Amino acid sequence: MFRIILLLSIGTVALGNNLPTIQDFVAGVKAAEDGLLPEEPSLESLIIGGQTASPGQFPYIASLRSSGNAHFCGGILANNRWIVSAAHCTIGRSLANTISVLGAISRTTGGTRFNSARIVNHPSYVSSTLAFDVSVVQTSTSVGFTNTIQPIALGSAFVGGGVTAVVSGWGITAHPGGSLAANLQFVNVQTITNAQCRSNLGASGNNVFDHKICNAGMVGRGPCSADSGGPLAAGNTAIGIVSWGIGCANGFADVYDRVSSHRSWIIGHF
């Protein structure tokens, strides 16, 4: 799932050498859309340490795709007209080239497609740091709810460390040399405090702003490229929007925008 595949050892990262930059994570969105990531996973390469979702298990997740049906990011269904995503996914995109697919398990088939009527990126978004990395996409028609398409509540309470959550998406499935997932994947994670996150990420911790939330990194389990904008959920509540991280499943914290910090801005568009 959500980040550029780079073979980094724990020792190399600890020394601060050859780290991927935030711009590498942004570039991963375009790489997915342009087909520069492999399309078909091997039998061994499901989401790193994760599982394949069942129909209706995550009815709130959206696949953001190009007009050519190329998945490039995830999204979170908030109500019958609005999808929440990451600004680095939607900045500069045209309405015609931004399609939301809901109710799908497959990355390429099934689900219901919705054209876009409006895209709003957070006015304080900073591409160099991924600060305020949140956006909203309005569908051109109302979304009908089914057993596989349902909105999720947007968290209003501050979430600290030690909370069990789940992240889902169609992103890269192995490290290194993985490919986009053919079917929706998910992995369970646990949140950590922002202080723990900053410490864990070293110099990159400077970009863990108060409006971010992190999960503890796990070696061999976690998100990777093309999951940006997707949901981090605790129970029936969305608490995070996939934003960035260092490498894939190598023990370093994953960083999300904190839904509770952006909730007022998000619902102000509904």
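Values in this document were obtained by computation on a predicted structure and should not be read as measured data.

What counts, and at which threshold
- Each chain carries its own residue numbering, running from 1 in the written order of its sequence.
- Side-chain atom pairs in this predicted model are given and counted only at pLDDT of 80 or more, local residue features only at pLDDT of at least 70, and totals for whole chains, interfaces and linings cover all residues.
- In computing side-chain properties, one takes all heavy atoms of the structure into account and sets aside hydrogens as well as water.
- In this description a helix means any DSSP run of H or I spanning at least four residues, a strand means any run of E spanning at least two, and both kinds are numbered starting from the N terminus.
- Whether two residues are in contact is decided by their heavy atoms: any pair within 4.5 Å suffices.
- In this description, accessible areas are obtained by the Shrake-Rupley approach with a 1.4 Å probe, and a residue is regarded as covered only by the protein chains that are shown.
- For the purposes of these results, a polar contact is taken to be a pair of N or O atoms within 3.5 Å, where, inside protein, one atom must be able to donate a hydrogen and its partner to accept one; residues adjacent in sequence count only when each atom of the pair is a side-chain atom.
- A 1.4 Å probe rolled over the protein chains alone gives each residue an accessible area, and that area as a share of the maximum for its type sets the label: buried under 20%, exposed over 50%, partly exposed in between.
- Here the arc refers to the directions that run from the helix axis out to each C-beta atom.
- Criterion used throughout: strands pair if DSSP finds at least two bridges between them.
- In this analysis an axis means a line fitted to C-alpha atoms, helices contributing only their contacting stretch, and an angle means the value between N-to-C directions, from 0 to 180 degrees.
- Whenever a pair of cysteine sulfur atoms sits within 2.5 Å, that pair is classed as a disulfide.
- For this analysis, a nonpolar core means a set of buried residues of the types Ala, Val, Leu, Ile, Met, Phe, Trp, Tyr and Cys, connected via side-chain atoms within 4.5 Å.

**So, the overall build of the protein chain**
Broken down by element type, the protein chain carries 5 helices and 15 strands. Taking the contacts inside the protein chain whose residues are at least 6 apart along the sequence as the reference set, 74% of them involve residues at least 24 apart. With an accessible surface of roughly 10000 Å², the protein chain has 53% of that area assigned to carbon and sulfur atoms.

**Focus: the side chain of Asn194**
Structurally, the position occupied by Asn194 is in helix H4 (residues 194-201). Separated by 3.1 Å, the side chains of Asn194 and Arg258 make a polar contact. Apart from residues lying up to four places away in sequence, Asn194 is in contact with Val208, Phe209, Asp210, Lys212, Ile213 and Arg258.

**Some points on unusual backbone geometry**
Trans peptide bonds make up the majority, and among non-glycine residues the majority have a negative phi. Of note, the phi angle at Leu130 is positive, near 60°, even though the residue is not glycine. Here Phe132, not a glycine, exhibits a phi torsion of approximately 50°, which is positive. Mapped onto the secondary structure, Phe132 falls in the loop between strand S7 (116-121) and strand S8 (135-139).

**A look at H4**
Residues of H4 that are buried: Asn194, Cys197 and Leu201. Axial view of H4: buried residues confined to an arc of 55°, hence all on one face. Residues Ala195 and Ser199 are exposed on H4 and point more than 90 degrees away from its buried face. Once H4 ends, the next one or two residues include Gly202, with phi positive near 60°.

**Concerning the pairing of strand S3 (residues 71-77)**
Most of S3 sits out of view: 7 of its 7 residues are buried. Looking at chain direction, strand S2 (residues 61-65) and S3 are connected through 5 bridges and run antiparallel. What sits directly across from Ile61, in S3, is Ile76. Counting the residues in the hairpin turn of S2 and S3 gives 5 residues, including Asn69, whose phi is positive at 75°. Here 2 bridges tie S3 to strand S4 (residues 82-85), and the two strands are oriented antiparallel to one another. Bridge pairing links Leu77 to Ile83 in S4.

**A few points about the sheet that holds S4**
Overall, antiparallel pairing links the 7 strands, which are arranged S6-S5-S2-S3-S4-S8-S7 in an open sheet. Because the sheet does not close on itself, it has two edges, and the strands there are strand S6 (112-114) and S7. Sheet twist, expressed as the average angle between the axes of neighbouring strands with direction ignored, equals 30°. In this sheet, S6 lies alongside strand S5 (residues 99-102) in antiparallel orientation, the contact comprising 3 bridges. Bridge pairing links Leu102 to Thr112 in S6. Where helix H5 (residues 259-267) meets the sheet, it contacts S4, S7 and S8, and its direction lies at approximately 40° from that of S8.

**A look at the state of the cysteines**
One pass over the structure, following the stated rule, counts 2 disulfides. Each sulfur of the disulfide joining Cys73 and Cys89 lies 2.1 Å from the other. Where Cys73 bonds to Cys89 through sulfur, the torsion about that S-S bond is close to -80°, and the disulfide is left-handed. In this pair, Cys73 is assigned in strand S3 and Cys89 in helix H3 (residues 87-90), connecting sequence segments 16 residues apart. With a sulfur-sulfur separation of 2.1 Å, Cys197 is cross-linked through a disulfide to Cys214. The sign of the S-S torsion, about -75°, decides the handedness of the disulfide formed by Cys197 and Cys214: left-handed. On the criterion of sequence distance, the pair formed by Cys197 in helix H4 and Cys214 in strand S12 (residues 212-215) is long-range, its members being 17 residues apart. As far as the burial class goes, Cys197 and Cys214 line up, both buried.

**A short note on the nonpolar core**
In a soluble, globular protein the nonpolar side chains are often hidden away together inside. The biggest cluster of nonpolar side chains holds 29 residues, and the ones touching the most others in it are Phe58, Val84, Val136, Leu154, Leu184, Ile241 and Ile266. Contributions of two or more residues to this core are made by S2, S3, S4, strand S14 (237-245) and H5. Among residues more than four places away in sequence, those in contact with Ile266 are Val84, Val134, Val136 and Leu154. With 13 residues, the next largest nonpolar core counts Ala87, Cys197, Val208 and Ile246 among its residues.

**Re the environment of Pro59**
For Pro59, the location among the structural elements is in the loop between strand S1 (51-52) and S2. Separated by 44 residues in sequence, Pro59 and Gly103 place their C-alpha atoms 6.1 Å apart.

Keep in mind these values describe shape, not function.
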